[in-house]
Amino acid sequence: MRRRDFLAGLAGSLAFPAIAQETLDPLAAKIAKGAPVRKGRVTVTLPQLADNGNSVPIRVTVESPMTEADHVKSIHLYSERNPVSNMANFYLGPRAGKAEINSRVRLAGSQHVTAVAALSDGTFWYDAAAIVVTLSACLDES
Amino acid sequence: MAARIQIPASAKKGEIVEVRVLIQHPMETGYRHDDVGHLIKRNVINFLSCRYNGVEVFRADLSSGIAANPYVQFFTVADKSGELEFYWIDDEGKQGSERQSIQVA
């Protein structure tokens, strides 16, 4: 191998270490009971970096008119690395007016957080956001 | 369990209002040990609901993945003057509730 090719290859492999994962967490897929869970319509907002995993603000918004005929039924939050993967389920309805939830979660380490939304028409949508957690939420003793 | 719930005191009919709920609770994960090495039992608020004049507008199942002193913010449409009733329960069976009234013009 030529030195130039080798260096080009090395630079490419270092550019984005496995953080750009775009597949759905298999645990999160369970909620749909086999129905397809598509990416889109849902937006998860997390800080890029959390100094402390004990309280991380999270916002989930879903594009939906929130009418009687077309609304978000529920929003489910999943963590990749927490001992309890399903962090919370929120049940909304047409009376919500706006499909948005804000809360604070505990995160045990750097990971992807997934939100799955179940819509009234029977479709499921998701989004995932990556976060770097410097100090994990208390699992191990210190 | 002390709670701090914030909703606007008045709103126009059909307006989307923000509801903020903050409950004082340790949200024990069940993974921590006390000073003598015994596991501290899990104790989290596992259910939270909001009823607007008796009709449920929001409900949540929480777990140990939610931070201590759980904070939840959501929205609802101001429909009629009346009361928003909040209710929650933890693993020990301790219940809490709170009422807030809203004036809709």
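Cut-offs used in this document
Residues numbered from 1 in each chain as written. Chains lettered and ligands numbered in written order. Predicted model: local features only at pLDDT ≥ 70, side-chain atom pairs only at ≥ 80, totals over all residues. Helix = DSSP H or I, 4+ residues; strand = E, 2+ residues; numbered from the N terminus. Buried ≥ 20, exposed ≤ 12 C-beta atoms within 10 Å, placed from the backbone. Core = buried A, V, L, I, M, F, W, Y, C linked by C-beta atoms within 7 Å. Contact = placed C-beta atoms within 7 Å. pLDDT = per-residue confidence, 0-100. Pairing = 2+ DSSP bridges. Nonpolar A, V, L, I, M, F, W, Y, C, P; charged D, E, K, R; others polar.

## Some thoughts on the overall build of chain B
Regarding its fold elements, chain B presents zero helices and eight strands. The helix and strand sequence of chain B, counted from the amino end, reads β-β-β-β-β-β-β-β. Dimensions along the principal axes, computed over C-alpha positions, put chain B at roughly 60 × 20 × 20 Å. Every one of the 105 residues in chain B was classed for burial, and the buried ones make up 30%.

## Details of the nonpolar core
All names here are of chain A. Counting residues in hydrophobic clusters, the biggest one holds 60 residues, and the most contacted among them are Ile75, Ala115, Ala117 and Tyr126. It is strand S9 (residues 124-135) that contributes the most residues to this core, six residues altogether. Not counting residues up to four positions away in its chain, the partners in contact with Ala115 are Val42, Val44, Val60, Ile75, His76, Leu77, Tyr126 and Asp127.

## Some words on unusual backbone geometry
Even without being glycine, A:Met66 reaches a positive phi, approximately 55°. You can see A:Met66 is positioned in the loop between strand S4 (56-62) and strand S5 (72-79). For A:Met66, a count of 21 C-beta atoms within 10 Å corresponds to the buried category. The backbone phi angle of B:Asn69 is positive, close to 55°, even though this residue is not glycine. As for its placement among the helices and strands, B:Asn69 is situated in the loop between strand S5 (55-62) and strand S6 (71-77). Judged by the 17 C-beta atoms lying within 10 Å of it, B:Asn69 is partly exposed.

## Some words on the confidence of the model for chain A
Residues and elements named next belong to chain A. Of all residues in chain A, 84% attain a pLDDT of 70 or more, and the chain-wide mean is 84. Averaged over each element, pLDDT in chain A is lowest for helix H1 (residues 3-15) (63) and highest for S4 (95). Low pLDDT, under 50, characterises residues 16-21; the predicted model gives this stretch two contacts beyond four residues in sequence or across chains.

## Description of the pairing of strand S4 (residues 45-52) of chain B
Residue and element names in this part refer to chain B. Here seven bridges tie S4 to strand S7 (residues 82-90), and the two strands are oriented antiparallel to one another. Residue pairing for S7: Ile45 is matched across the bridge by Asp90. By the bridge criterion, six bridges tie S4 to S5 in an arrangement that is antiparallel. Residue pairing for S5: Ser49 is matched across the bridge by Arg59. Joining the antiparallel neighbours S4 and S5 is a turn of two residues, in which Asn53 adopts a positive phi near 50°.

## Observations regarding the interface of chain B and chain A
Between chain B and chain A, the contact holds 24 residues from the first and 28 residues from the second. In terms of residue class, the side of chain B that touches chain A is built from 15 nonpolar, six polar and three charged. For strand S7 (residues 100-105) of chain A and S6(B), the ladder comprises two bridges, and the chain directions are antiparallel. Bridged to A:Asn102 within S6(B) is B:Gln73.

## Here we look at the pairing of S4(A)
Residue and element names in this part refer to chain A. Counting buried positions along S4 yields five of seven residues, so the element is predominantly enclosed. Both strand S2 (residues 42-45) and S4 contribute to a ladder of four bridges, which runs antiparallel. Bridge pairing links Thr45 to Arg59 in S4. Relative to S7, S4 runs antiparallel, the two being bridged by six bridges. Across the sheet, Thr61 pairs through a bridge with Glu100, a residue of S7.

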